[in-house]
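# Chains, contacts and geometry: an overview
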Amino acid sequence: MKKSTKFGIVAAIAAMVAAPLVPSAASAAPSPTGLAHGVGAHHGVGHGAQPHATPTKSGPTSIAYVEVNNDQLSNVGRYTLANGANAFDVAIIFAANINWDGTKAVLYNNENVQRTLDDAATQIRPLQAKGIKVSLSILGNHQGAGIANFPTQAAAEDFAAQVSATVSEYGLDGVDLDDEYSDYGTNGTPQPNQQSIGWLISALRADMPGKTISFYDIGPASSALASSSSAIGSQLDYAWNPYYGTYSAPSIPGLGKDRLSAAAVDIQNTSQSTAVSLAQRTKADGYGVFMTYNLPDGDVSPYVSSLTQVLYGQAASYH
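Criteria and thresholds
- Residues numbered from 1 in each chain as written.
- Predicted model: local features only at pLDDT ≥ 70, side-chain atom pairs only at ≥ 80, totals over all residues.
- Heavy atoms only, no water.
- 1 Å grid on protein atoms, 1.4 Å probe; cavity = no way out; pocket = protein on both sides within 12 Å on 5 of 7 lines; lining within 4 Å.
- Points joined across faces, edges and corners; volume = space filled by probe spheres on them.
- Helix = DSSP H or I, 4+ residues; strand = E, 2+ residues; numbered from the N terminus.
- Nonpolar A, V, L, I, M, F, W, Y, C, P; charged D, E, K, R; others polar.
- Axes fitted to C-alpha atoms, helices over the stretch in contact; angles between N-to-C directions.
- Parallel < 35°, antiparallel > 145°, perpendicular 65-115°, else oblique.
- Left-handed = near helix turned anticlockwise from the far one by under 90°.
- Contact = heavy atoms within 4.5 Å.
- Buried < 20%, exposed > 50% of the residue type's maximum accessible area, 1.4 Å probe, protein only.
- Pairing = 2+ DSSP bridges.
- Right-handed = clockwise from strand over helix to strand, strands pointing away.
- Phe/Tyr/Trp six-rings, centres within 6.5 Å; stacked < 30°, edge-to-face > 60°.
- Lys NZ or Arg CZ within 6 Å of the ring centre and 35° of its normal.
- Expected span 1.5 Å × (residues − 1).
- Arc of directions from axis to C-beta.

What follows concerns empty space enclosed by the protein. Looking at the largest cavity, its volume works out to about 40 Å³. What lines the largest cavity is simply S62, A87, F88, F290, T292, V304, L307, T308, L311 and Y312. Secondary-structure elements contributing two or more residues to the lining of the largest cavity are strand 12 (289-293) and helix 10 (301-312). The element contributing the most residues to the lining of the largest cavity is helix 10, with five residues. Of the residues belonging to the lining of the largest cavity, the class tally is seven nonpolar, three polar and no charged.

Turning our attention to the packing of helix 5 (residues 153-169) against helix 6 (residues 196-207). The N-to-C vectors of helix 5 and helix 6 enclose an angle of 45 degrees; their axes lie 8 Å apart at closest approach. For the element pair helix 5 / helix 6, the angle class is oblique. For the pair helix 5 and helix 6, the crossing hand works out as right-handed. Contacts between helix 5 and helix 6 involve Q153, A156, E157, F159, A160, A161, V163 and S164 from the former and W199, L200, A203, L204 and D207 from the latter. Tallied by class, the residues present in the contact of helix 5 with helix 6 amount to nine nonpolar, two polar and two charged.

Counting buried positions along strand 5 (residues 133-140) gives seven out of eight residues, so the element sits mostly inside the fold. Here seven bridges tie strand 3 (residues 90-100) to strand 5, and the two strands are oriented parallel to one another. Each bridged residue has a counterpart across the sheet, and for N97 the counterpart in strand 5 is L139. In terms of strand pairing, strand 5 meets strand 6 (residues 174-178) through four bridges, oriented parallel. The partner of S135 across the bridge, within strand 6, is G174. Traced from strand 5 through helix 5 to strand 6, the parallel crossover comes out right-handed.

Summed over all chains, the structure comprises 11 aromatic pairs. Ring geometry for Y247 against Y287: centres 6.2 Å apart, planes inclined by 80 degrees, an arrangement best described as edge-to-face. Within this pair, whereas Y247 is found in strand 9 (residues 246-247), its partner Y287 is found in the loop between helix 9 (272-285) and strand 12, the two being separated by 40 residues in sequence. On the basis of relative accessibility, which here comes to 0%, the residue Y247 falls in the buried class. With a relative accessible area of 3%, Y287 lands in the buried category. These aromatic residues form a ring-pair network of at least three members: Y65, F94, Y216, Y238, W240, Y244 and Y293. Here the basic side chain of K57 rests over the ring of Y312, its NZ or CZ set 4.1 Å away from the ring centre. In this structure, K257 is placed above the aromatic ring of Y287, and the distance from its NZ or CZ to the ring centre is 4.9 Å.

Quick look at helix 9 now. Side chains of residues three or four places apart in an α-helix project in the same direction, reflecting 3.6 residues per turn. A rise of 1.5 Å per residue sets the reference length of helix 9, with its 14 residues, at 20 Å; its end C-alpha atoms lie 20 Å apart and thus fit the reference within 8%. Residues of helix 9 that are buried: A275, V276, L278, A279 and T282. Buried residues along helix 9 cover an arc of 160 degrees about the axis, so they all sit on one side. Those residues of helix 9 that are exposed and angled more than 90 degrees off the buried face are S273 and A284. Considering only its buried residues, helix 9 is in contact with strand 9, strand 11 (263-266), strand 12 and helix 10. Positive backbone phi, approximately 75 degrees, marks G286, located one or two places after helix 9.

Just geometry here; none of it tells us what the structure is for.
Given below as structure tokens:
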């Protein structure tokens, strides 16, 4: 089995995904490398224990992807605002994979993802107890299987059942869909089609009512969603720009700007000044989501606080 490890260049995919902007978003070119989730980095509403009452905040929903190959998911819960509210609202485990078993797509967790799930008592439940949702990101693994090439509705439904079973087994709050690193056509797998992502979203929504479904807006699935009916897009909770350090909102019929992030911030690689600028534009343009990636272990509260000051009018601290 391959490790769930991202490989560096996604130019071929990026070329397919020049997502149009919603009217109020300003455009920015993808990063020079064409990287989305980063070089060499591969890899919801809860129904578990009810979270304790926590202070609230007003502003965009804040997303934190965590590379669990390197960092602890639990660190997301250590950032709070001055009034005690959570700095981050959704933590995403990055990432499980879509493998090909010779017949169909199968969900696969590398050892680090599996360890995080198995350590739910320390990695997941404390976040949920604070009111932070925890989702599992899934993406291709260079074996030809992905979210854009299910050949039939039944095939999409089979994979959705695998995902929903994992969400249920580990008490997660949802799933994040990412159309990268599938290498469509490998191992005799089919090429992408226009219906696949819609079949998958609809099947997941049927299997997981009340759970979060988000979309990392890249790849052939992005192109298919951009031209799909609003009945499909309206089943998503969130979608975001995949190019870090840039500002470009997804265009998905049925998904309003209150559920979109035009900003994309890699906490370990996007300069603080750029990140602050993206936060300012998010507020000015009225987008309802702010997506960050690569929250590391340890205290980076000066960086996080520079964003929360803009987004919520409060500093963040690390506990």
